[in-house]
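Geometric and topological summary
For reference, the chains in residue letters:
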Amino acid sequence: ALEIENLKIEIIRLTRENSDLEEQVEVTKSEKRDALGKLEATCLAHQQSVVSYQQSPDKKSSGARVPEQRVEELESVVFSMTEYLNAKEMQIETLKQVNRALVEDMDEVVDDTVCV
């Protein structure tokens, strides 16, 4: 009876942990969607900046340095956001793996409970 009670407590703990992980996955997915939106906006701004620079009649004037600098800044932002997205994707994958392991553990605990 004590063993069954301990298994029930373990199932409750694993279920709660599983719910927490599912919530983390949803938060991470939302953060990824937000970052993708920002990345898309930044890429668009970058493309517009490049086109504007290429269409400027006098690229060698002192005013042309500002668009070049802006292009470099945007490229840096795009790189940073890409790195951020890659990290989020790895985080989501890790959470999925942990979630699968927890489900397997819960299945084992349930199987052990049924066998007792």
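Look above for the structure.
In this text, all values refer to a predicted model and were calculated from it rather than measured experimentally. (Residues numbered from 1 in each chain as written. Predicted model: local features only at pLDDT ≥ 70, side-chain atom pairs only at ≥ 80, totals over all residues. Heavy atoms only, no water.)

1. As for the overall build of the protein
Looking only at helices and strands, the protein has 2 helices and 0 strands in total. The buried share of the protein, reckoned over its 116 residues, is 21%. The contacts in the protein between residues at least 6 apart in sequence include a share of 85% that link residues at least 24 apart. (Helix = DSSP H or I, 4+ residues; strand = E, 2+ residues; numbered from the N terminus. Buried < 20%, exposed > 50% of the residue type's maximum accessible area, 1.4 Å probe, protein only. Contact = heavy atoms within 4.5 Å.)

2. Regarding the pattern of salt bridges
In this structure the tally under the stated criterion is 5 salt bridges. Glu89 is the partner of Lys32 in a salt bridge, and the nearest nitrogen-oxygen pair spans 3.3 Å. Of the two residues, Lys32 sits in helix α1 (residues 2-55) while Glu89 sits in helix α2 (residues 65-115), which places them 57 residues apart along the sequence. Residue classification places Glu89 among the partly exposed positions, given a relative accessible area of 38%. Residues joined by salt bridges that share partners form a network here, namely Glu10, Arg13 and Glu17. (Salt bridge = Lys/Arg side-chain N within 4 Å of Asp/Glu carboxyl O.)

3. A look at α1
In a regular helix each residue adds 1.5 Å, so 54 residues correspond to 80 Å; α1 covers 79 Å between its end C-alpha atoms and thus fits that length. The set of residues buried in α1 consists of Leu7, Leu14, Asn18, Leu21, Val25, Thr28, Ala35, Leu39, Thr42, His46 and Ser49. (Expected span 1.5 Å × (residues − 1).)

4. Remarks on the nonpolar core
Core analysis: the biggest nonpolar cluster contains 8 residues, these being Leu7, Leu14, Leu21, Val25, Leu95, Leu102, Met106 and Val109. Elements that contribute at least two residues to this core include exactly α1 and α2. In contact with Leu102, not counting residues within four places along its chain, are Leu14, Glu17, Asn18 and Leu21. Core analysis: the second largest hydrophobic core is formed by 5 residues, Ala35, Leu39, Val78 and Met81 among them. (Core = buried A, V, L, I, M, F, W, Y, C linked by side-chain atoms within 4.5 Å.)

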